[in-house]
Amino acid sequence: MRAHGLIWCATFVVLDAAQAVLFGSFLQRMDSLLLGLLVFGMSSLACLAFVVWRSADEVRAALAAPRLLAQLNISTATGWLAYLGALQLIEPAVAFTIFSGIIPVTIVAARVWGDGAGARLHGWEARGLAILVLGLVVLAVSTLAGFSGFVRGGGVVALVGLSLAAFSGVAMSWMLLVSFKLNRIGVSPAGVFAARFPLYLLLAVAGYLVGLDNKGPVAADDMIVAVALGLVVLAFPIYAVQQAVALTSALTVGAATALIPVVVLALQMLEGRVAYSSATAMGLAIYTVGAVIAAAGRARTAASASAHAR
């Protein structure tokens, strides 16, 4: 089961990296609210139909936890709106790294806060997270100073983009923790996916109708391509995350997510839309070293705890 969970982790790592680069180009010239509405509306309706057809018990289990459903919707809506906004303002590699790096840090903080002193970090996990945070700081400072590959404006725009990316990471961490709780009461990954988007879809409809992100008319062919790509690289990775959460732990998923930015930078360089930045590469290098050390430290701690339990 754990091996299957790691396969799902690898799936969303690759697709999420493609999403940050390829989908970002569409978001910068199309209405992100309309695009998100079409992609998430179609995919969540498909999942809902599948769950209703397969298991009424699963639907009842979800409806019996209204507080978890509310938290799931709030975290999803705020997290995705913030992330889609960040992708339009700052370099995709930076936006995704800030977003993904915040996730393991937030999950660890929640673990420590919830479990007390017994959950405090020790050894290489603590050192790795400290290096990871240093990488995030380097990326933020270089973006604010104008040394990154892309910022749509000056320092104020850079600050807004960084803030949105950080906020989206916190919100998605909350979503992962709530998803894990729903899985434990009998709601499958498909059910969690379907339950995540009602609030987001309502907000997207309202924002689209008032023209919050209107960028002018878009050719129907371009929109069809964007929606098809979104279903593959935006919606499916979220389902892969739900599968990974169900088969592993929230912290494992967070650690896997923290490794995606390296792939993002490579794809960004291949695409060529954003200029290469040495400052971004340096920040990512520091961040990646920290992420790998933290993940290895966590694995060692988990193995030690398992051996003790036996």
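Residues numbered from 1 in each chain as written. Predicted model: local features only at pLDDT ≥ 70, side-chain atom pairs only at ≥ 80, totals over all residues. Heavy atoms only, no water.

## Remarks on helix 6 (residues 123-144)
- Over its 22 residues, helix 6 runs 32 Å from end to end, which matches the ideal 32 Å to within 8%, given 1.5 Å per residue.
- Buried residues of helix 6: E125, G128, L129, L132, G135, L136, V138, L139, S142 and T143, and no others.
- Just downstream of helix 6 lies G146, where phi reads positive at about 85 degrees. (Helix = DSSP H or I, 4+ residues; strand = E, 2+ residues; numbered from the N terminus. Expected span 1.5 Å × (residues − 1). Buried < 20%, exposed > 50% of the residue type's maximum accessible area, 1.4 Å probe, protein only.)

## A word on the pattern of salt bridges
- A full pass over the atoms with the stated rule returns three salt bridges.
- Residues D57 and R60 are paired through a salt bridge, measuring 2.3 Å at the closest nitrogen-oxygen approach. Pair noted here: D57 and R60 are both in helix 3 (residues 56-63), with a separation of three residues, about one helical turn. Exposure class is identical for D57 and R60. Each is exposed.
- The residue D213 makes a salt bridge to K215 at a minimum N-O spacing of 2.7 Å. (Salt bridge = Lys/Arg side-chain N within 4 Å of Asp/Glu carboxyl O.)

## Here's the deal with a nonpolar patch on the surface
- Residues V205, Y208, L209, V210 and L212 make up a contiguous nonpolar surface patch of roughly 530 Å² in combined accessible area.
- Secondary-structure assignment places Y208 in helix 9 (residues 198-209).
- Y208 sits in the partly exposed class, given a relative accessible area of 37%. (Patch = residues over 30% accessible without salt bridge, like charges linked within 9 Å, V, L, I, M, F, W, Y side chains within 5 Å. Areas by Shrake-Rupley, 256 points an atom, 1.4 Å probe, with all protein chains shown as cover.)

## Looking at the nonpolar core
- Counting residues in hydrophobic clusters, the biggest one holds 71 residues, and the most contacted among them are F12, W80, I98, L182 and Y200.
- A per-element tally of this core places helix 5 (residues 92-115) first, with 10 residues.
- Sequence-distant contacts of I98, defined by excluding residues within four places in its chain, comprise L136, L139, L162, A165 and A166. (Core = buried A, V, L, I, M, F, W, Y, C linked by side-chain atoms within 4.5 Å. Contact = heavy atoms within 4.5 Å.)

## A short note on the side chain of S75
- Mapped onto the fold, S75 is located in helix 4 (residues 66-89).
- Engagement of the side chain of S75 in a polar contact is seen with the backbone oxygen of L72, the distance being 3.0 Å.
- With residues up to four places along the chain from it excluded, the contact list for S75 reads A171, W174 and M175. (Polar contact = N/O pair within 3.5 Å; in protein donor to acceptor, adjacent residues only side chain to side chain.)

## Side note on helix 12 (residues 260-271)
- With 12 residues, helix 12 extends 17 Å between its outermost C-alpha atoms, agreeing within 8% with the 16 Å of an ideal straight helix rising 1.5 Å per residue.
- All of the buried residues along helix 12 are I260, P261, V264, L265 and Q268. The buried residues of helix 12 all sit within an arc of 140 degrees when viewed along its axis, so they share a single face.
- With its phi angle positive at about 80 degrees, G272 sits one or two positions after the end of helix 12. (Arc of directions from axis to C-beta.)

## Here we look at the environment of M269
- Mapped onto the elements, M269 comes out in helix 12.
- Judged by its relative accessible area of 48%, M269 is partly exposed.

## Brief notes about the packing of aromatic side chains
- If you walk through the whole model with that rule in mind, you get 10 aromatic pairs.
- Centre to centre, the rings of F40 and W80 are 5.3 Å apart; their planes meet at 55 degrees, and the pair counts as tilted. With F40 in helix 2 (residues 32-54) and W80 in helix 4, this residue pair connects regions lying 40 residues apart in the sequence. Each member of the pair F40 and W80 is classed as buried.
- When the ring of W80 is compared with that of Y83, the centres are 5.6 Å apart and the planes differ by 75 degrees; the resulting orientation is edge-to-face. Of this pair, W80 and Y83 are both found in helix 4, three residues apart, which corresponds to roughly one turn of the helix. Of the two residues examined, W80 and Y83, each falls in the buried class. (Phe/Tyr/Trp six-rings, centres within 6.5 Å; stacked < 30°, edge-to-face > 60°.)

## Thoughts on the confidence of the model for the protein chain
- Of all residues in the protein chain, 85% have pLDDT values of 70 or greater, and the mean over the chain is 83.
- Within the protein chain, no element has a lower average pLDDT than helix 11 (residues 250-257), which sits at 65, and none a higher one than helix 7 (residues 155-184), at 93. (pLDDT = per-residue confidence, 0-100.)

## Some thoughts on the packing of helix 6 against helix 7
- At a closest axis distance of 9 Å, the pairing of helix 6 and helix 7 adopts a crossing angle of 155 degrees. Taken together, the axes of helix 6 and helix 7 are roughly antiparallel relative to one another. Contacts between helix 6 and helix 7 involve A140, T143 and L144 on the former and, on the latter, G155, A158, L159 and L162.
- Along the lines of polarity and charge, the residues of the contact of helix 6 with helix 7 split into five nonpolar, two polar and no charged. (Axes fitted to C-alpha atoms, helices over the stretch in contact; angles between N-to-C directions. Parallel < 35°, antiparallel > 145°, perpendicular 65-115°, else oblique. Nonpolar A, V, L, I, M, F, W, Y, C, P; charged D, E, K, R; others polar.)

## Overview of the environment of Y200
- Position of Y200 relative to the elements: it lies in helix 9.
- Exposure remark for Y200: the relative accessible area of 0% places this residue in the buried category.
- With 126 residues separating them in the primary sequence, Y200 and I74 have C-alpha atoms 7.9 Å apart.
- Once you skip the residues sitting within four places of it in the chain, Y200 turns out to touch S32, G36, L37, F40, A77, W80, L81 and L84.

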